[in-house]
Amino acid sequence: MAARHLRLTSRRSTPQFLFLIIFLLVPTCIFEIFTYRQKITYFFRPLWDKPPAPFEHLPHYYAENVSMDQLCRLHGWTLRTEPRRVFDAIMFSNELDLLELRWRELHPHITKFIILEGNTTFTGIPKPLYFASNRGRFAFAEEKIVHGVYPGRVASDRVQEDPFKLEAEQRITMNGVLHRAGISHGDLLIMSDADEIPSTHTVKLLQWCDDVPPVIHLELRHYLYSFEFPVDYSSWRASIHIFGPWTQYRHSRQTDLILSDAGWHCSFCLRHLQEFVFKMTAYSHADRVRKKDYLDYSRIQKLICRGDDLFDMLPEEYSFRELIKKMGPIPSSTSAVHLPAYLIENADKFKFLLPGGCLRKPS
């Protein structure tokens, strides 16, 4: 009788024990999924998302002391009798060092440097006009500068601005600034962000050759934090256009053609930790700052020197093979060749952008 009572008790306790386990596990699982939902989503991206159509890569030929006539013919183009005018148009936030590198690199070939900056960030945070207050630093290009200011909208507790909408509005405003700069049909127009820098020989090639495509994207080598951490050649948004009646300033895919190895894209290549915090909270993907400690200076510094992701995110890849290959820190490189000439000429000034210069000052 005692044994039977024991069996009955055991049968009753088993469901209770399972209920307790389920009661504890389900909320825990829900909490973990909510906490790491972004990582989970990105890890399974190959299952729910499809890659964009591949680009048609155009070979890019260049070597020092090769004539422009020969370079044009290698690309299937012909040499012009005179170069096109070139307009370089960017929207600017606070990347003063990269802006100097960009303009020094391109200065000999640019007709007008067009720069548009807002008095708020894309997330609606008021900000200084960093270029306007540091314009003296760019006196070497003063006669070529056309500066515009976009009057942004300040976010409030009641109204949160859509960062992608504000960014799109600012790009539309750029069209008016372009016309104010005097751009004409047949001129060459560079559309890119400040940190997407075409190489001098790329711009010179498209400036001097005829029969080039009217719109072409630029494949840029992608770096993170500095030129010590090369990621890959995935950067494609920069583009060059032969300006026409239907040209609109955009930062999206506009053609299937892309010119290989055409420059550099240096993301979050900033001098001070304060600049990192500003950009993390200001740009269109500010929602990636999911925790306050993401903005901690010591954490940011550690991740910079390790070549690891500031937002603790997985790579945006469309196959598990590529995803797994790119997980973890970016391997550092000791190479500083094939970089902007002004950077190498002024290595002491821009030490933070070169191998071994990962330490940043607070501000």
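All of the points below concern the structure found in this document. For clarity, every value in this text was computed on a predicted model and none was experimentally measured.

**Quick look at the sheet that holds strand β3 (residues 86-92)**
- With mixed pairing, the eight strands of this open sheet are ordered in space as β1-β13-β9-β12-β6-β3-β4-β5. Lying at the two open borders of the sheet, with one neighbouring strand each, are β1 (56-58) and β5 (145-150). Across this sheet, the average inter-strand angle for adjacent strands is 25°, counted without regard to direction.
- As paired strands, β3 and strand β6 (residues 188-191) are joined by four bridges and run parallel to one another. When the sheet's bridge partners are listed, alanine 89 is paired in β6 with methionine 191.

**Details of the state of the cysteines**
- For the structure on display, the rule yields three disulfides.
- The side chain of cysteine 72 participates in a disulfide bridge whose partner is cysteine 209; the two sulfur atoms lie 2.0 Å from each other. For the disulfide bridge between cysteine 72 and cysteine 209, the dihedral angle about the S-S bond is near -90°, and by the sign convention the bridge is left-handed. Residue cysteine 72 is located in helix α4 (residues 68-74), and its partner cysteine 209 is located in strand β8 (residues 209-210); the two are separated by 137 residues in the primary sequence.
- At a sulfur-sulfur separation of 1.9 Å, the disulfide partner of cysteine 266 is cysteine 269.

**What to know about the environment of glutamate 105**
- Relative to the elements of secondary structure, glutamate 105 occurs in helix α5 (residues 96-106).
- Residue glutamate 105 is classed as buried on the basis of its relative accessible area of 11%.
- Sequence separation between glutamate 105 and threonine 200 is 95 residues, and the spatial gap between their C-alpha atoms is 6.1 Å.
- Not counting the four nearest positions on each side in its chain, glutamate 105 is found in contact with Ile197, Pro198, Ser199, Thr200, Trp264, Pro340 and Ala341.

**Comments concerning the packing of aromatic side chains**
- Taken as a whole, this structure holds 13 aromatic pairs when the rule is applied.
- Taking 5.7 Å as the distance between ring centres and 45° as the angle between the ring planes, the aromatic pair formed by phenylalanine 55 and tryptophan 236 counts as tilted. Note that phenylalanine 55 is positioned in the loop between α3 (45-48) and β1 and tryptophan 236 in the loop between β11 (230-235) and β12 (239-242), a separation of 181 residues in sequence.
- Looking at tryptophan 236, the relative accessible area reads 24%, which means it is partly exposed.
- With centroids separated by 6.2 Å and ring planes inclined at 55°, the aromatic side chains of tyrosine 225 and phenylalanine 276 adopt a geometry described as tilted. Of this pair, tyrosine 225 sits in the loop between β10 (220-224) and β11 while phenylalanine 276 is found in helix α9 (residues 273-282), placing the two residues 51 residues apart along the sequence. In this pair, the class of tyrosine 225 matches that of phenylalanine 276, namely buried.
- Feature note: the residues Phe92, Trp103, Phe113, Phe131, Phe138 and Phe140 constitute an aromatic cluster, connected by ring pairs.
- The residue whose ring lies beneath arginine 104 is phenylalanine 140, and the NZ or CZ to ring-centre distance is 3.7 Å.

**A look at the sheet that holds β11**
- Here we have four strands laid out as an open sheet, ordered β7-β14-β10-β11, and mixed in their pairing. Either end of the sheet is taken by a strand with one partner, and the two such strands are β7 (196-198) and β11. The average angle at which neighbouring strand axes cross in this sheet is 25°, direction not considered.
- Across the sheet, α5 touches β7 and β14 (263-267), and the angle it forms with β7 is around 15°.

**With respect to the layout of surface pockets**
- Counted as a void, the second largest pocket has a volume near 870 Å³.
- Looking at the second largest pocket, it is lined by 35 residues, and the ones nearest its centre are Tyr62, Ser199, His201, Trp264 and His338.
- Mapped by element, the contributors of at least two residues to the lining of the second largest pocket are α4, α5, α8 (200-208), β10, β11, β14 and α12 (341-345).
- Classifying every residue of the lining of the second largest pocket gives 18 nonpolar, 10 polar and seven charged.

**Re the nonpolar core**
- Core analysis: the largest hydrophobic core is formed by 36 residues, its most contacted members being Leu99, Trp103, Ile115 and Phe131.
- Looking at this core element by element, the count peaks at four residues for α5.
- Ignoring any residue separated from it by four or fewer positions in sequence, one finds phenylalanine 131 in contact with Phe92, Leu96, Leu99, Trp103, Ile115, Glu117, Phe138, Ile145 and His147.

**What about the side chain of threonine 247?**
- Mapped onto the elements of the fold, threonine 247 is located in the loop between β12 and β13 (257-259).
- A polar contact of 2.9 Å, which involves the side chain of threonine 247, links it to the backbone nitrogen of glycine 244.
- When sequence neighbours within four positions are dropped, the list of residues in contact with threonine 247 reads Asn175, Leu189, Met191, His241 and Ile242.

Conventions and cut-offs
- Residues numbered from 1 in each chain as written.
- Predicted model: local features only at pLDDT ≥ 70, side-chain atom pairs only at ≥ 80, totals over all residues.
- Heavy atoms only, no water.
- Pairing = 2+ DSSP bridges.
- Helix = DSSP H or I, 4+ residues; strand = E, 2+ residues; numbered from the N terminus.
- Axes fitted to C-alpha atoms, helices over the stretch in contact; angles between N-to-C directions.
- Disulfide = S-S within 2.5 Å.
- Buried < 20%, exposed > 50% of the residue type's maximum accessible area, 1.4 Å probe, protein only.
- Contact = heavy atoms within 4.5 Å.
- Phe/Tyr/Trp six-rings, centres within 6.5 Å; stacked < 30°, edge-to-face > 60°.
- Lys NZ or Arg CZ within 6 Å of the ring centre and 35° of its normal.
- 1 Å grid on protein atoms, 1.4 Å probe; cavity = no way out; pocket = protein on both sides within 12 Å on 5 of 7 lines; lining within 4 Å.
- Points joined across faces, edges and corners; volume = space filled by probe spheres on them.
- Nonpolar A, V, L, I, M, F, W, Y, C, P; charged D, E, K, R; others polar.
- Core = buried A, V, L, I, M, F, W, Y, C linked by side-chain atoms within 4.5 Å.
- Polar contact = N/O pair within 3.5 Å; in protein donor to acceptor, adjacent residues only side chain to side chain.

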